[in-house]
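Structure assessment
Listed below, chain by chain, are the residues.
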Amino acid sequence: MHTRRLPRAFSFFRLHPTALSLASVALTSVSLVACTQMPGGLEEPGELGHATPVANPSDSTPAGEVVDGALSGMNILDDVAVLRAGGDAASTVLTVLPTIELASGGALGSDSPQAKEITIDAHCGEPSVGYTPAGGSNDENGGAKASTLVIACDDGIHLIDAAAGSDTRLDTGDKTYTTAALTTDGVLAAGNSQSLEIDVYRDVTADRGGELGQASTFKIDRAPDQLVATSSDPGNIAAINRSETAIQQLNLEKDTRGAALRVGTGVGQAVGATGVARDVIFATDTEGDHLNVYTMSPIVMLHQVAPVDDSPYALAWDAKRQLVWVASTGTNAVQGFDISSGVPEEVARLDSIPDVAQLGVDAQGNLFAASATQLQKVSAQAVDAAKKS
């Protein structure tokens, strides 16, 4: 694959756990771009947003193991998987189990003796990943470990402890949230896709009996569809708005909104990176067929762009290999990109199941892809073998 080389101002950092150096000329150049935007950070949206991944019938042989099963979602947190499936009209069932049990013996793994079931409200927003608080155990690359799945539902905000397989429901009173993000220092930010207000709760921990304290509130420019935290900077998170395909920096230390940037022509998913020294966030441009790489501080900045296969949607950060994986439904392919040189380079490619909606990589380096009807597991050895020399 040929990648488009960006101006030097965008090709400045190496993703390494010890340091990501920022050249002063790059900071100056990109800061000027962000600071000279129109109020709210963006031009009129026009025909943008509302990205929908292309459905594609299987015309390839997926790598690894594939099992059938109904799923509404999957998240991989370190060496634990959280599967989501519809329970009944009023509930969603979460199955928490070790990733080693996934796609084992021709089944999803939900029947494993080690699996734990959690029932939550049926009306919930998109989950986000929370990280081990500062001072806790870190992963081998020096970043905070993905440890908590945060799900905003009609009945409150659920904090799913991956290691314990337990749920703490935080009572939000008369407020309803559709998205929430938990930072490494225990700060919870919550929003609603129909509101410009962000509520910030301090020192949220599982031992508070499920009660949220008083929130501070500030307004942002566009209602958030997804809030994304990073493992390295608790002070700044990202707000994703899909209708205007925008990413905006939110400063939780000052309760202020920052600049906003357009994510191509139709943002798909966004995820944070662990095991790196910067607050890196990856986002797919589903309509424009690109992978975008951002940092959130001191302002939101776009650093790298890579053309990818048709209709990229799901993505995952691979802390073990320091790669970002992107699933494109238009080609039934998962591509692995190394972005350490400043120019994204495709270094691996795997055939996937059709219609991948979620990707994940566990602590051992196994790669997982999920659709509404199938789960795919590619072993760490097979992933390594797929890497280009």
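Look up a bit, the structure's there.
Structural notes, computed from the coordinates. In this numbering scheme, every chain counts its residues from 1 along its sequence in written order. Only residues with pLDDT of 70 or above have their local features reported here, since the model is predicted, and side-chain atom pairs are shown and tallied only from 80 upward, although totals for entire chains, interfaces and linings are computed over all residues. Think of the side-chain values as coming from all heavy atoms in the structure, minus any hydrogens and water.

Focus: the overall build of the protein chain
Along its length, the protein chain carries two helices and 28 strands. Across the 389 residues of the protein chain, 57% fall into the buried class. Every residue pair with non-hydrogen atoms within 4.5 Å of one another is taken to be in contact. At a minimum sequence separation of 6, the contacts of the protein chain that also span at least 24 residues come to 54%. Only the protein chains shown count as covering a residue, and every accessible area follows the Shrake-Rupley method with a 1.4 Å probe. Summed over all atoms, the accessible surface of the protein chain reaches about 15,500 Å², with 49% contributed by carbon and sulfur. Only DSSP runs of H or I reaching four residues or more are called helices, and only runs of E reaching two or more are called strands; each is numbered from the N terminus. Each residue's exposure class comes from its accessible area (1.4 Å probe, protein chains only) as a fraction of the maximum for that residue type: buried when under 20%, exposed when over 50%, partly exposed otherwise.

Concerning the state of the cysteines
What counts as a disulfide here is a pair of cysteine sulfur atoms lying within 2.5 Å. The tally for this structure, following the rule as stated, stands at one disulfide. Paired by a disulfide, Cys124 and Cys153 hold their sulfur atoms 2.0 Å apart. Of note, the bridge from Cys124 to Cys153 carries an S-S torsion of about 100 degrees and is right-handed in sense. With Cys124 in the loop between β5 (116-121) and β6 (128-131) and Cys153 in strand β7 (residues 146-153), this residue pair connects regions lying 29 residues apart in the sequence. Relative accessible area serves as the criterion here: at 30%, Cys124 is assigned to the partly exposed category.

Details of the sheet that holds strand β8 (residues 156-161)
One requirement defines pairing of two strands: DSSP has to find at least two bridges between them. Taken in spatial order, the four strands line up as β6-β7-β8-β9 in an open sheet, and their pairing is antiparallel. What marks the edges here is a single partner per strand, and that holds for β6 and β9 (166-170). The sheet shows a mean angle of 30 degrees between the axes of neighbouring strands, direction not considered. Sheet topology note: the β8/β9 ladder contains five bridges and is antiparallel. Bridged to Leu159 within β9 is Thr168. Angular values range over 0 to 180 degrees, each being the angle between N-to-C directions of two axes fitted as lines to C-alpha atoms, with helices fitted over their stretch in contact.

Side note on unusual backbone geometry
Pro298 follows Ser297 through a cis peptide bond whose omega is 5 degrees. For Asp255, which is not glycine, the phi torsion reads 50 degrees and is therefore positive. By the secondary structure assignment, Asp255 is in the loop between β16 (246-251) and β17 (256-262).

Remarks on the sheet that holds strand β23 (residues 323-328)
Judged by pairing direction, the sheet is antiparallel, and its four strands sit side by side in the order β22-β23-β24-β25 without closing on themselves. Of all the strands in the sheet, just β22 (312-318) and β25 (345-351) have a single pairing partner and so form its edges. Averaged over all neighbouring strand pairs, the angle between strand axes comes to 25 degrees, with direction disregarded. Inspection of the sheet shows β23 paired to strand β24 (residues 333-338) by five bridges, in the antiparallel sense. Note on β24: the bridge partner recorded for Ser328 is Ala333.

With respect to the side chain of Asn292
Along the chain, Asn292 falls in strand β20 (residues 290-295). At 3.0 Å, the side chain of Asn292 forms a polar contact with the side chain of Tyr294. Once residues within four sequence positions are removed from consideration, Asn292 is found in contact with Val263, Gly264, Ile281, Phe282, Ala283, Leu302, Gln304 and Val305. Polar contacts here mean pairs of N or O atoms no more than 3.5 Å apart (in protein, one a potential hydrogen donor and the other a potential acceptor; neighbouring residues in sequence count only if both atoms are side-chain atoms).

Overview of the environment of Glu287
Structurally, Glu287 is set in the loop between β19 (280-285) and β20. Considered as a pair, Glu287 and Pro312 are 25 residues apart in the sequence and their alpha carbons are 8.0 Å apart. Excluding residues that lie within four positions of it along the chain, Glu287 makes contacts with Ala51, Thr52, Thr265 and Gly266.

Side note on empty space enclosed by the protein
The definitions used throughout rest on a 1 Å grid laid over the protein atoms alone, on which a cavity is an enclosed set of points accommodating a 1.4 Å probe that cannot get out and a pocket is an open set flanked by protein within 12 Å on both sides along at least five of seven lines; lining residues are those having an atom within 4 Å of a point. Grid points are joined across faces, edges and corners, and a volume is the space filled by probe spheres set on the points. Summed over the entire model, instances satisfying the criterion amount to one cavity of 30 Å³ or more. Residue assignment for the lining of the largest cavity shows that the elements contributing at least two residues are β15 (236-241) and β16.

Thoughts on the layout of surface pockets
Its boundaries defined by the atoms lining it, the largest pocket holds a volume of some 840 Å³. Ile76, Val129, Val271, Trp317 and Leu359 are, among the 42 residues lining the largest pocket, the residues nearest its centre. Every element with two or more residues in the lining of the largest pocket is listed here: β2 (73-77), β6, β14 (226-228), β18 (267-272), β22 and β26 (358-361). It is β22 that contributes the most residues to the lining of the largest pocket, five residues altogether. For this scheme, ten residues count as nonpolar: Ala, Val, Leu, Ile, Met, Phe, Trp, Tyr, Cys and Pro. Four count as charged, namely Asp, Glu, Lys and Arg, and the remainder, Gly too, count as polar. Residue composition of the lining of the largest pocket, grouped by class: 23 nonpolar, nine polar and ten charged.

Any link to function would need more than the numbers given here.
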